[in-house]
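Listed below, chain by chain, are the residues.
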Amino acid sequence: MEKRIIPSSEMIINNDGSIFHLHIRPEQLADKVVLCGDPARVKLIADNFTDVECDVQSREFRTITGWYKGKRITAQSHGIGCDNIEIVINELDMLKNFDFEKRCVKDEFTQLTLVRVGTSGGLQPETPIGTFVAAEKSIGFDGVLFFYANTDDVRDLPYEQELCKQLNWKIDGLKPYVVSANKELMEQIVGHDGKILRGCTIAANGFYGPQGRKLRLPLADEDLNQKIESFKFGHYKITNFEMESSALAGLATLLGHKAMTVCSIIAGRQNLNMNTNYIGSIESLIELVLDRI
């Protein structure tokens, strides 16, 4: 079958041979990638590297590739939100699996290992501030995945049905979706020492109203967070809020990559408390992920 030649308006390559938003070239990307939202957090990750090959900044996207205990790793920021991480996952895939000169997909597929290290708000008594939670299931309140075909292949449809039923879903024009992290990668990163809990993480499409924070504007469903905290499906409970895990897990699975999200809890939504000085906690989580990736 003749390969599709992708036009320059869809596969956008800069004059220096780098991909459009990230501004890195294929040879600058490792197969193991630690993702984070904040560009400054990339430096925290890279401070653990013994050798650094590149350090590239473009908008909110910063990339540092280097070596950690014999492993070549890229630290990559993605900014805030599923819309941003959609850009990053597609461009990382293009860097590994597209021929930039011929503008087509390569014959040989390269699988990426993608671990997002984030911060999050805990929703259960067992997820207080300081807890590390890995998203075994990611619940998308963002809608990004529905712009792609074949999502039924990667979504947990029974979970979605039960979720909408128990939450008595009232948000017009938006449907939650549920995707699982890569099982092999979850075993690798979570392990069995109890340092990281398995959970179900909501990726909200905003920080305030979509996560039940009420300021001057009323909420469409004032009881949504209470229903989220009470939700049960089999052994699953919803453990935490963040803003990127669903698009990461969904798109990576569709593309054939291994991906997961693990967060440090910095807000207790039930206890109404917040830790804004969480640098020590996130540094400990970064070191844990670097050792296990």
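Note on numbering: residues in each chain are counted from 1, in written sequence order. Residue-level local features of this predicted model are given only where pLDDT is at least 70; pairs of side-chain atoms are given and counted only at 80 or more, and the full residue set underlies all totals for whole chains, interfaces and linings. The side-chain quantities take in all heavy atoms of the structure and omit both hydrogens and water.

### With respect to unusual backbone geometry
Line of reasoning, step 1. One non-glycine residue with positive phi stands out, namely arginine 59, at about 55 degrees.
Line of reasoning, step 2. Whether a residue is buried, partly exposed or exposed follows from its accessible area with a 1.4 Å probe, protein chains only, as a fraction of its type maximum: under 20%, in between, or over 50%, in that order. The exposure class of arginine 59 is exposed, given its relative accessible area of 59%.
Line of reasoning, step 3. One non-glycine residue, asparagine 168, lies in positive phi territory at about 45 degrees.
Line of reasoning, step 4. Where helices and strands are cited, they refer to DSSP runs of H or I of at least four residues and of E of at least two residues respectively, numbered from the N terminus. Along the polypeptide, asparagine 168 turns up in the loop between helix H3 (157–166) and strand E9 (177–180).
Line of reasoning, step 5. Among the residues examined, asparagine 168 registers a relative accessible area of 46% and is labelled partly exposed.

### Section: helix H2 (residues 82–97)
Since the α-helix advances by 3.6 residues per turn, residues separated by three or four positions end up pointing in the same direction.
Line of reasoning, step 1. A helix is expected to span 1.5 Å for every residue after the first. Over its 16 residues, H2 runs 22 Å from end to end, which matches the ideal 22 Å to within 8%, given 1.5 Å per residue.
Line of reasoning, step 2. In terms of burial, H2 is largely enclosed, as twelve of its 16 residues are buried.
Line of reasoning, step 3. By the burial criterion, the buried members of H2 are Cys82, Asn84, Ile85, Val88, Ile89, Glu91, Leu92, Asp93, Met94, Leu95, Lys96 and Asn97.

### Some points on the pairing of strand E12 (residues 236–242)
Line of reasoning, step 1. Most of E12 sits inside the fold, with six of its seven residues counted as buried.
Line of reasoning, step 2. Between any two strands, at least two bridges found by DSSP are needed for them to pair. Two elements, strand E7 (residues 113–122) and E12, share two bridges in a ladder whose sense is antiparallel. The partner of glycine 122 across the bridge, within E12, is asparagine 240.
Line of reasoning, step 3. Relative to E12, strand E11 (residues 232–233) runs antiparallel, the two sharing two bridges. Its bridge partner lying in E12, phenylalanine 233 is registered against tyrosine 236.

### Side note on the side chain of histidine 78
Line of reasoning, step 1. One can find histidine 78 in the loop between strand E4 (71–77) and H2.
Line of reasoning, step 2. Between N or O atoms, a polar contact is any pair within 3.5 Å; within protein, one atom must be a potential hydrogen donor and the other a potential acceptor, and residues adjacent in sequence are included only when both atoms are from side chains. A distance of 3.4 Å separates polar atoms of two side chains, one belonging to histidine 78 and the other to arginine 116.
Line of reasoning, step 3. Contacts: residue pairs with any heavy atoms within 4.5 Å of one another. Residues in contact with histidine 78, not counting those within four places in the same chain, are Leu35, Cys36, Gly37, Glu60, Phe61, Asn84, Ile85, Val88, Arg116 and Glu244.

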